[in-house]
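Chain by chain, the residues run as shown.
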Amino acid sequence: MLPFAESAFDKLKTLPPAVWLKIGIAIAAVIVVVFVFRKVMKVNKIIAAIIVFVVTTVVFFSWVYNRNEPKFMTPIVEKIAPFFPSAGAYNAKQQTAPKP
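Quick summary incoming for the structure in this document. (Residues numbered from 1 in each chain as written. Predicted model: local features only at pLDDT ≥ 70, side-chain atom pairs only at ≥ 80, totals over all residues. Heavy atoms only, no water.)

## Regarding a nonpolar patch on the surface
Quick reminder of the rule: To count toward a patch, a residue needs a relative accessible area over 30% and no salt bridge; like charges are then connected within 9 Å, while nonpolar side chains (Val, Leu, Ile, Met, Phe, Trp, Tyr) are connected within 5 Å. Per-residue and other accessible areas were derived by the Shrake-Rupley procedure at a 1.4 Å probe size, with only the shown protein chains allowed to occlude residues. Basic side-chain nitrogens of Lys or Arg form a salt bridge, by our definition, when they fall within 4 Å of a carboxyl oxygen of Asp or Glu. What counts as a helix is a DSSP run of H or I of at least four residues, what counts as a strand is a run of E of at least two, and both are numbered from the N terminus.
There is a patch of nonpolar side chains on the surface, built from Phe9, Leu12, Leu15, Trp20, Ile23, Ile27 and Ile31 and spanning about 660 Å² of accessible area. Within the residue set of the nonpolar patch, elements represented by two or more residues are α1 (3-13) and α2 (17-41).

Rendered as structure tokens:
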């Protein structure tokens, strides 16, 4: 067997169970997304476009509100986030004294 193949296999064996759980969840999510996408594409294209738009919008605004977006989306979310409420904005507002 090749020496680099053994070291790669040894590295895979040393991964903690939490990593394998995340990998399994990611694979299951991809399978579910493909299954749902195939079912959606069998319906009217307008309905499919509305469903995709709503899901995308909910996920994006969840990222903006909670600020837990992927790293590649951070520049876009940073420009948009000041226009929308955030998770900590209400508590920060409650900590200030009311204006007379």
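## Quick notes on the side chain of glutamate 69
Under the convention used in this document: We call two N or O atoms a polar contact when they sit within 3.5 Å, provided that within protein one can donate a hydrogen and the other can accept it, with sequence-adjacent residues counted only if both atoms are side-chain atoms. Contact criterion: two residues are considered in contact whenever any of their non-hydrogen atoms come within 4.5 Å of each other.
Mapped onto the secondary structure, glutamate 69 falls in the loop between α3 (45-66) and α4 (74-80). Within the structure, the side chain of glutamate 69 is placed 3.3 Å from the side chain of arginine 67, a separation counted as a polar contact. At 3.2 Å, the side chain of glutamate 69 and the side chain of threonine 74 are in polar contact. Apart from the residues lying within four places of it in its own chain, the contact partners of glutamate 69 are Trp63, Thr74 and Val77.

## Examining α3
For clarity, the threshold we go by: The length a helix should cover is 1.5 Å for every residue beyond the first. Classification of residues uses two cut-offs on accessible area relative to the type maximum, computed with a 1.4 Å probe and protein chains only: under 20% is buried, over 50% is exposed, and between them is partly exposed. In this context, the arc is that of the directions from the helix axis out to the C-beta atoms.
Spanning 22 residues, α3 covers 31 Å between terminal C-alpha atoms, matching the ideal 32 Å at 1.5 Å per step. Listing the buried residues of α3 in full gives Ala48, Phe60 and Val64. Each buried residue of α3 lies within a common arc of 130° when the element is viewed along its axis, so the set occupies one face. A side-chain oxygen of the first residue of α3 lies 3.2 Å from the backbone nitrogen of isoleucine 46; this N-cap is asparagine 44.

## With respect to the pattern of salt bridges
Inspection of the entire model under this criterion finds one salt bridge. Among the salt bridges present, the one from arginine 67 reaches glutamate 69, with a minimum N-O distance of 3.3 Å. Glutamate 69 gets classed as buried once you look at its relative accessible area, which sits at 13%.

## A closer look at unusual backbone geometry
One non-glycine residue, arginine 67, lies in positive phi territory at about 55°. Looking at where arginine 67 falls in the secondary structure, it is placed in the loop between α3 and α4.

## Points about the layout of surface pockets
Put simply, the rule reads: Points on a 1 Å grid over protein atoms alone make up a cavity when a 1.4 Å probe fits among them but cannot get out, and a pocket when they form an open set with protein on both sides within 12 Å along at least five of seven lines; lining residues each have an atom within 4 Å of a point. Grid points are joined across faces, edges and corners, and a volume is the space filled by probe spheres set on the points. Ten residues, namely Ala, Val, Leu, Ile, Met, Phe, Trp, Tyr, Cys and Pro, are considered nonpolar, four, namely Asp, Glu, Lys and Arg, are considered charged, and the remaining ones, Gly among them, are considered polar.
Considered as a void within the structure, the largest pocket measures approximately 260 Å³ in volume. Taken together, Val33, Val36, Phe37, Val40, Ile51, Val52, Val55, Thr56, Val59, Phe60 and Trp63 make up the full set of residues lining the largest pocket. For the lining of the largest pocket, the secondary structure elements donating two or more residues are α2 and α3. For the lining of the largest pocket, the leading source of residues is α3, giving seven residues. Considered class by class, the residues forming the lining of the largest pocket number 10 nonpolar, one polar and no charged.

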